[in-house]
Structures are given as structure tokens and as C-alpha cells.
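Observations on the three-dimensional arrangement
Spelled out, the chains give:
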Amino acid sequence: MDLKASKLELIQAILKVDNASIIEKMANILRKEQGDFWNELSPEQQQEIKKGLAELDQGKRVSYDSFVKKIS
């Protein structure tokens, strides 16, 4: 069976499931397989995100409009 046929068979099986717990377990498996995007970021990108989050925690915010004007 080729990959496309396997995917279609899996989709059909999922559509028949009425148990929310089973759906959640399947979603968790897929999330784990996709990996965490954080690990794909460079150390510099991770540091910038951490810096931005720290600034937000300190109340340092910029309005959307002023941000758009700044980058325009």
C-alpha cells in the first residue's frame, strides 16, 4: 500500500472515532512526531525570543500601530 492510500485509510478511521480521549491521544502522538520548533531555532533566535518575553513581563510593550510605522 502506498503512502497516499495509507493516509486516506487513516483519515477514514479517524473520522469514525467518537471517543475524545482517543482523538487526543492520536493528536499527542502527531505533535510529538512533528517535534518542537524551538529546537530548530538558532541560539540567537532563542535568545531574542526570551529577551522579548522578558520585556513583555516587565511591561515593555509597543502598540501595533507604532510597530507598523517603525517597520514601514
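Predicted, not measured: the structure shown is a model, and the values here were computed from it.

For the protein chain, the helix and strand inventory stands at 4 helices and 0 strands. Helices (α) and strands (β) of the protein chain occur, in sequence order from the N terminus, as α-α-α-α. Oriented by its inertia axes, the alpha-carbon framework of the protein chain measures out at about 50 × 25 × 25 Å. Out of the 72 residues in the protein chain, the part that is buried amounts to 1%. The average position of the 12 basic charges and that of the 12 acidic charges among the side chains of the protein chain differ by 4 Å.

Mapped onto the fold, Leu 15 is located in helix 1 (residues 3-16). A relative accessible area of 66% places Leu 15 in the exposed class. Along the primary structure Leu 15 and Arg 61 are separated by 46 residues, whereas in three dimensions their C-alpha atoms are 44 Å apart.

What the rule picks out here adds up to 1 salt bridge. The closest approach of N and O atoms between Arg 31 and Glu 24, which form a salt bridge, is 3.6 Å. When its relative accessible area of 47% is taken as the criterion, Arg 31 is described as partly exposed. Take Glu 24: its relative accessible area is 40%, and that puts it in the partly exposed class.

The subject of this paragraph is the confidence of the model for the protein chain. Confidence in the prediction for the protein chain averages 90 pLDDT; 99% of positions are at 70 or higher. For the protein chain, per-element mean pLDDT is lowest for helix 4 (residues 64-71), which scores 87, and highest for helix 3 (residues 43-57), which scores 94.

Okay, the side chain of Gln 46 next. Mapped onto the fold, Gln 46 is located in helix 3. Take Gln 46: its relative accessible area is 17%, and that puts it in the buried class.

Analysis parameters
Within any chain, residue numbers begin from 1 and follow the written order of that chain's sequence. Reporting of local features is limited, given that this is a predicted model, to residues whose pLDDT is at least 70; pairs of side-chain atoms are given and counted only at 80 or more, and all residues count toward the totals for whole chains, interfaces and linings. As a convention, hydrogens and water are excluded, and side-chain values are obtained from all of the structure's heavy atoms. A run of DSSP states H or I qualifies as a helix once it reaches four residues; a run of E qualifies as a strand once it reaches two. Both are numbered from the N-terminal end. Remark: exposure states derive from per-residue accessible area (1.4 Å probe, protein chains only) relative to the maximum for the residue type, with buried under 20%, exposed over 50%, and partly exposed in between. His is not counted, nor are the chain ends; Lys and Arg add positive charge and Asp and Glu add negative charge. To locate a charge, take atom NZ for lysine, CZ for arginine, CG for aspartate or CD for glutamate. The term salt bridge refers to a side-chain nitrogen of Lys or Arg lying within 4 Å of a carboxyl oxygen of Asp or Glu. Here pLDDT means the predictor's own confidence in every residue, given as a number from 0 to 100.

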